[in-house]
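Each chain is listed here by its residues.
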Amino acid sequence: MHHLYQHQLHHHLLHHRHHGFSFISILENVVYNRLSNFLDKFKILSSCQYGFRKYHSTLHALVQLYDKISAAIDEGKFTVGLFIDLSKAFDTVDHEILLH
């Protein structure tokens, strides 16, 4: 068994930490690609899901929204937009309840 003293451990972590990060990055890419391919293959995600997908962005979502509103106005339909920011909603939920 090889013991590292505190100064040796600090030196080791300082000069070799990039190996752990590169492994995590590779693992993250592998998991992302496999999951993405699975979701695409079995068409699990809605066509309206734009976040975290290849070749889809929030710009695509805005263009689709603009097209739908424009088409509704051209057809003389009444158009209403309701936008709700739920980003803080999960901060107010008791996480113990969600876990059960």
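That block above? That's the structure.
Residues numbered from 1 in each chain as written. Predicted model: local features only at pLDDT ≥ 70, side-chain atom pairs only at ≥ 80, totals over all residues. Heavy atoms only, no water.

Asks: So what exactly am I meant to see when it comes to the packing of aromatic side chains here?
Replies: Geometrically, a pair of aromatic rings is defined through the distance of the ring centres and the angle of the planes. A full pass over the atoms with the stated rule returns one aromatic pair. Pairing Phe 38 with Phe 42 gives two aromatic rings, centres 4.9 Å apart and planes at 55 degrees, and the pair type is tilted. Given a relative accessible area of 43%, Phe 38 falls into the partly exposed group. For Phe 42, a relative accessible area of 49% corresponds to the partly exposed category. (Phe/Tyr/Trp six-rings, centres within 6.5 Å; stacked < 30°, edge-to-face > 60°. Buried < 20%, exposed > 50% of the residue type's maximum accessible area, 1.4 Å probe, protein only.)

Asks: Even after reading the chapter, I still don't get helix α2 (residues 58-74), so can you show me in this structure?
Replies: Over its 17 residues, α2 runs 24 Å from end to end, which matches the ideal 24 Å to within 8%, given 1.5 Å per residue. Here α2 starts with a cap whose side-chain oxygen sits 3.2 Å from the backbone nitrogen of Leu 59, and that cap is Ser 57. A positive backbone phi angle near 75 degrees is found at Gly 76, which sits one or two residues after α2. (Helix = DSSP H or I, 4+ residues; strand = E, 2+ residues; numbered from the N terminus. Expected span 1.5 Å × (residues − 1). Polar contact = N/O pair within 3.5 Å; in protein donor to acceptor, adjacent residues only side chain to side chain.)

Asks: Is there a simple way to explain a nonpolar patch on the surface in this structure?
Replies: On the surface, Leu 59, Leu 62, Val 63, Leu 65, Ile 69, Ile 73 and Phe 83 cluster together into a nonpolar patch covering about 690 Å² of accessible area. Inspection of the secondary structure assignment puts Ile 73 in helix α2. Residue class for Ile 73 comes out exposed when judged on its relative accessible area of 53%. (Patch = residues over 30% accessible without salt bridge, like charges linked within 9 Å, V, L, I, M, F, W, Y side chains within 5 Å. Areas by Shrake-Rupley, 256 points an atom, 1.4 Å probe, with all protein chains shown as cover. Salt bridge = Lys/Arg side-chain N within 4 Å of Asp/Glu carboxyl O.)

Asks: It is not clear to me how unusual backbone geometry should be interpreted in this structure. Could you clarify?
Replies: With the exception of glycine, the majority of residues adopt a negative phi angle, and the majority of peptide bonds are in the trans configuration. The backbone of Lys 43 shows a phi angle near 50 degrees, a positive value even though the residue is not glycine. Along the chain, Lys 43 turns up in the loop between α1 (6-41) and α2.

Geometric values such as these leave the question of function open.
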